[in-house]
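Commentary on secondary and tertiary structure
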Amino acid sequence: MRKKHLLSIVLALILVLPVAMVNASPPSGGPTGLENAIAVKDRHADTLLATPGVAGVGVGLAENGKAAIVIFTEKLGVRGLPASIEGIPALVQKSGEFVALARPEGKGPKNNSPVVTITSPPDGAMYDTGTIIVFSGMANDIEDGDLSAALSWTADGSPIGIGQSFTISLGDGIHTITALATDSGGKTGTSSVTITVGASPTSWQTRPVPIGVSTGHPDITAGTIGARVIKDNKVYALSNNHVYANENHASIDDNVLQPGVYDGGRNPADAIGTLSAFKPIEFSRRANNVIDAAIALSSDGLLGRATPSDGYGTPKSAPVTAYIGMPVMKYGRTTGFTHGQIYVIDATVNVRYSSGVARFVHQIIITPGTFSAGGDSGSLIVVEGGADNNSPVGLLFAGSSSYTIANPINDVLAYFGVTIDGE
Amino acid sequence: MKKANIKEVLSRHIDGLMEMPGVTGVAEGKLGEKPCITVFLSANTPEIVGRIPSHIEGYPVQVVGGGEFKALAS
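Just so we're clear, the structure is a prediction, and the values are computed from it rather than from any experiment. (Residues numbered from 1 in each chain as written. Chains lettered and ligands numbered in written order. Predicted model: local features only at pLDDT ≥ 70, side-chain atom pairs only at ≥ 80, totals over all residues. Heavy atoms only, no water.)

**Remarks on the overall build of chain B**
Looking only at helices and strands, chain B has two helices and five strands in total. In chain B, of all internal contacts separated by at least 6 residues, the share reaching a separation of at least 24 is 47%. A total accessible area of about 3800 Å² is found for chain B, and carbon and sulfur atoms account for 56% of it. (Helix = DSSP H or I, 4+ residues; strand = E, 2+ residues; numbered from the N terminus. Contact = heavy atoms within 4.5 Å. Areas by Shrake-Rupley, 256 points an atom, 1.4 Å probe, with all protein chains shown as cover.)

**Some remarks on the pattern of salt bridges**
Taken as a whole, this structure holds 12 salt bridges over all chains when the rule is applied. The salt bridge involving K7 of chain B is made with D346 of chain A; its shortest N-O contact spans 3.7 Å. Here K7 of chain B is found in helix α1 (residues 6-18), whereas its partner D346 of chain A is found in strand β22 (residues 336-353) on a different chain. Since its relative accessible area comes to 39%, K7 of chain B is described here as partly exposed. For K7 of chain B, the salt bridge goes to E28 of chain B, with nearest N and O atoms at 2.7 Å. Pair noted here: K7 of chain B is in helix α1 and E28 of chain B is in strand β1 (residues 23-31), with a separation of 21 residues, a long-range link. Look at E28 of chain B and you get buried, because its relative accessible area is 11%. (Salt bridge = Lys/Arg side-chain N within 4 Å of Asp/Glu carboxyl O. Buried < 20%, exposed > 50% of the residue type's maximum accessible area, 1.4 Å probe, protein only.)

**Points about the sheet that holds strand β6 (residues 126-127) of chain A**
Residues and elements named next belong to chain A. As summarised here, the arrangement of the five strands in space is β6-β13-β12-β9-β10, forming an open sheet in which the pairing is mixed. Because the sheet does not close on itself, it has two edges, and the strands there are β6 and β10 (158-162). In this sheet, strand β13 (residues 188-197) lies alongside strand β12 (residues 173-182) in antiparallel orientation, the contact comprising 10 bridges. Bridging across to β13, A179 finds its partner in S191. (Pairing = 2+ DSSP bridges.)

**Some thoughts on the confidence of the model for chain B**
With 99% of its residues at a pLDDT of at least 70, chain B reaches an overall mean of 93. Ranking the elements of chain B by mean pLDDT puts helix α2 (residues 46-51) of chain B last with 88 and strand β5 (residues 70-71) of chain B first with 98. (pLDDT = per-residue confidence, 0-100.)

**A word on the interface of chain B and chain A**
Between chain B and chain A, the residue contacts involve 27 residues of the former and 34 residues of the latter. Buried surface at the junction of chain B and chain A, summed over both partners, amounts to about 2300 Å²; 55% is from carbon and sulfur atoms. In terms of surface lost to chain A, no three residues of chain B exceed F69, L72 and S74 of chain B, which account for 32% of the buried area on that side. Here chain B is connected to chain A by three salt bridges. Run the count over chain B and chain A and you get 14 residue pairs in polar contact (both at pLDDT 80 or more). Of all elements in the fold, only α1, β1, β2 (34-41), β4 (59-64) and β5 of chain B reach the threshold of two or more residues within the side of chain B that touches chain A. If you tally residues by element for the side of chain B that touches chain A, the top one is β1 of chain B, at eight residues. In terms of strand pairing, β22 of chain A meets β1 of chain B through three bridges, oriented antiparallel. (Buried area = accessible area lost by both parts, 1.4 Å probe. Polar contact = N/O pair within 3.5 Å; in protein donor to acceptor, adjacent residues only side chain to side chain.)

Spelled out as structure tokens, the structure:
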């Protein structure tokens, strides 16, 4: 693909050169010997083009104003090329470098990328469900000028339109909007904004609330509802100890809210359940914590079992064991629906909390860093694709700018004696 | 000499590695298709990296930064 493109540039230059020559030269048949050079070039072109590394052959002017045969090479240092052919000097030009000769304005050999600006929607904009959204942007390229009409737009990687401006409505959820421009040299420029349509995972949700949205004990900021779990026909919300039990400080039967206080949740008006059980975290660098988990008693009327419609839906009930390279996904309060893969397993890690550092063992670590952020704590991590698609693997609880850490979900479910209320 | 199972090797060396300055995590990882021991550091400085062995009981040690792990409430 790349090579083909290179060749087409070279061919265009061969056509351009004689024109430049006529403009710059004395009357036809003058001392530059252009016609003779073309004839010589034609006799030797096949042989030259058979030489490895030679991309094209043309005729141009040497610095002294005399005709020369120009041999275009794909890279510098191609061996076995003649210095002259039938008495006509042969100049070797790396194809990319020759662009400079074709640009007498002196722009240099570099092709600049187009610069793209999205003027609408603004980054972070929020829209009601079904809103017709105006998309508009600009693309400018130093070499090609205004490329706005050829802007190519995507939402979460799927095409939504072409051009400087258009309107369309998008489904509920968080969407990454990207506008891309490609110049005649194949260089691209992009710009992206993130918008939310309908209720965001940080919003108050119509009851029963979906999983994957903001929640928390009244004394903490906000985390995420991981899943609806069941035991003895009772329904519970699963999240982390540090989301529902405030790092061991909460009391059983305390309310848990949707959304969390940080997102405007009020106690008791926005309660969706009461703290039922949690595994205490031992804050020590020598501890062998395995889970950071808690469950809150809820009900069918307050808590659903699926993510919002732009997520993976309802998890499966049967958990699976993590392996290195496993593709996974999650839906969480802050970063929404994200995808990653398991980087390492059986990890021992020191994790910083408000209460101090706690060591965890047998953990799962996921990349890339964009898989989660603060507020995603408590999210259920499920398998993406294959026979185990949507099967639970881990409970997200910690991370850094580069990694996300999860408890093995088997250990979480076993501790409380619950099963995921899934398909 | 047959190599010990990587989980056994990890269990023998985790405490020692975790006590080294700058080390925040130790795990079973992969380098290409081969099992390795992955060590996470809070700061990827040459001084810290220099203290980590390149191999442990025949397994290569992969050292990575970005290990400032914290709980992810908002």
